[in-house]
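Spelled out from the first residue to the last, the chains are:
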Amino acid sequence: MVASPMEKRAPPSTRGNKRQPYAPCEDAPCGTLVPVPRRPAARRRAAAMRRCVAAVLVAGLAALPAACSSPMDDIKLNPHPTQRYELIATVDAPGAFDSVEGFLSYDVTNVECVPKNPVEGARNVPTTSRSFVLTRVDERTWKGSFYRDLLEDEDYFGLGVCHWDIGTVSPGFVVHGQTFGPGLMLPMVLSDQPFRRYFSKADYFNRSNNDMNAGVALERPSHDEEVRKHPDRFFHIEVQARKVVP
């Protein structure tokens, strides 16, 4: 019996093709979210771990960094965040800034939900970052808000629910490619106390980087010897986080 052309035709393979979560502009309005079938996160990560083991067995430890990395590309946002905080930053800088923005990092706090590296035995604990708007309210003060529970807790690896929390919060005052701004660790965020750090005016006026990304400026505490000896050479940025009560 001869099979019909339809019976001979195999379904098109999608192996190796990355599914696009957004529709092309010619098929739907730009940015329209298209529901596409995806394997559960735990299954995807289990498959990634198997690939890691296979790569290491074949290529040795040289394959470890590339094969065993665990990028968090499927972190979900909490649909109903409630823990809102306000960040207040006060600056006495010697001039204006090119841009001002707030930054957050989030870490998984219960490491047991993350699988161990099959070779080294360590856990690559996920972390991610977000930005938020800081609005100028007067000549020296900026304010912005963020959510402590922005990310959704979920079983990402099949080892139990991973819980997210804030790692650091920081304002970013950028001039000539260099960022000025002290970072608040979670205990500082929860303390409801102002936190002050000092920065060099020479760094502020340094244009040698030709406005390229020069990284983060060195911050100094108030008891720093240089700050105490030469206070006129420094300016401060003071930040405080406060929980917003509904």
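Further up the page is the structure itself.
Residues numbered from 1 in each chain as written. Predicted model: local features only at pLDDT ≥ 70, side-chain atom pairs only at ≥ 80, totals over all residues. Heavy atoms only, no water.

Student: Got a sec to walk through the nonpolar core? Specific residues and values, please.
Tutor: Ranked by internal contacts, the top residues of the largest apolar core, which has 36 residues, are Leu87, Phe146 and Phe180. Of all elements in the fold, only β1 (84-91), β2 (99-108), β5 (141-147), β6 (164-175), α4 (186-191), β9 (195-200) and β11 (234-243) reach the threshold of two or more residues within this core. In terms of residues, this core owes the most to one element, β6, which gives five residues. (Core = buried A, V, L, I, M, F, W, Y, C linked by side-chain atoms within 4.5 Å. Buried < 20%, exposed > 50% of the residue type's maximum accessible area, 1.4 Å probe, protein only. Helix = DSSP H or I, 4+ residues; strand = E, 2+ residues; numbered from the N terminus.)

Student: Lay out the pattern of salt bridges in plain terms, naming residues and giving numbers.
Tutor: Evaluated as defined, the whole model comprises six salt bridges. Between Glu154 and Lys76 there is a salt bridge, and its shortest N-O distance comes to 3.2 Å. One end of the pair, Glu154, is in the loop between β5 and β6; the other, Lys76, is in the loop between α3 (64-67) and β1, and 78 residues separate them in sequence. For Lys76, a relative accessible area of 40% translates into the label partly exposed. Note that Arg197 and Glu219 form a salt bridge whose closest N and O atoms lie 3.5 Å from each other. Remark: Glu219 occurs in the loop between β10 (215-216) and α6 (225-229) and Arg197 occurs in strand β9; sequence separation between them is 22 residues. (Salt bridge = Lys/Arg side-chain N within 4 Å of Asp/Glu carboxyl O.)

Student: Before we move on, could you go through the state of the cysteines and cite the residues and values that matter?
Tutor: In this structure the tally under the stated criterion is one disulfide. Between Cys113 and Cys162 runs a disulfide, and the two sulfur atoms are separated by 2.0 Å. In this structure the cystine formed by Cys113 and Cys162 twists about its S-S bond by roughly 110°; its chirality is therefore right-handed. Of this pair, Cys113 sits in the loop between β2 and β3 (127-132) while Cys162 sits in the loop between β5 and β6, placing them 49 residues apart in sequence. (Disulfide = S-S within 2.5 Å.)

Student: I'd like a rundown of the packing of aromatic side chains, residues and numbers included.
Tutor: This structure, assessed with the given rule, holds 13 aromatic pairs. Here the aromatic rings of Trp142 and Phe173 are separated by 5.0 Å at their centres, their planes lie at 80°, and the arrangement is edge-to-face. Highlighted residues: Trp142 in strand β5 and Phe173 in strand β6, separated in sequence by 31 residues. Neither residue differs from the other here; Trp142 and Phe173 are each classed as buried. Here a set of aromatic residues connected by ring pairs shows up, and it is made of Phe97, Trp142, Phe173, Phe180, Phe199, Tyr204, Phe205 and Phe235. (Phe/Tyr/Trp six-rings, centres within 6.5 Å; stacked < 30°, edge-to-face > 60°.)

Student: Lay out the pairing of β2 in plain terms, naming residues and giving numbers.
Tutor: When a strand is regular, its side chains alternate between the sheet's two faces. Bridge analysis of β2 against β6 gives 10 bridges, and the strand direction is antiparallel. Residue Gly102 lies in a different strand from β6, and its bridge partner there is Pro171. (Pairing = 2+ DSSP bridges.)

Student: How would you explain the environment of Pro171 if you had to name every residue and give the values?
Tutor: Turning to its location among the elements, Pro171 is positioned in strand β6. The exposure class of Pro171 is buried, given its relative accessible area of 1%. For the pair Pro171 and Phe132, spaced 39 residues apart in the sequence, the C-alpha separation amounts to 9.2 Å.

Student: How would you sum up the pairing of β6? Please name residues and give values.
Tutor: Of all 12 residues in β6, 11 are buried, a share of seventy percent or more. Relative to strand β8 (residues 184-185), β6 runs antiparallel, the two sharing two bridges. Directly across from Thr168, in β8, lies its bridge partner Met185. In terms of strand pairing, β6 meets strand β7 (residues 178-180) through three bridges, oriented antiparallel. Pairing of Val175 across the sheet is with Gln178, part of β7.

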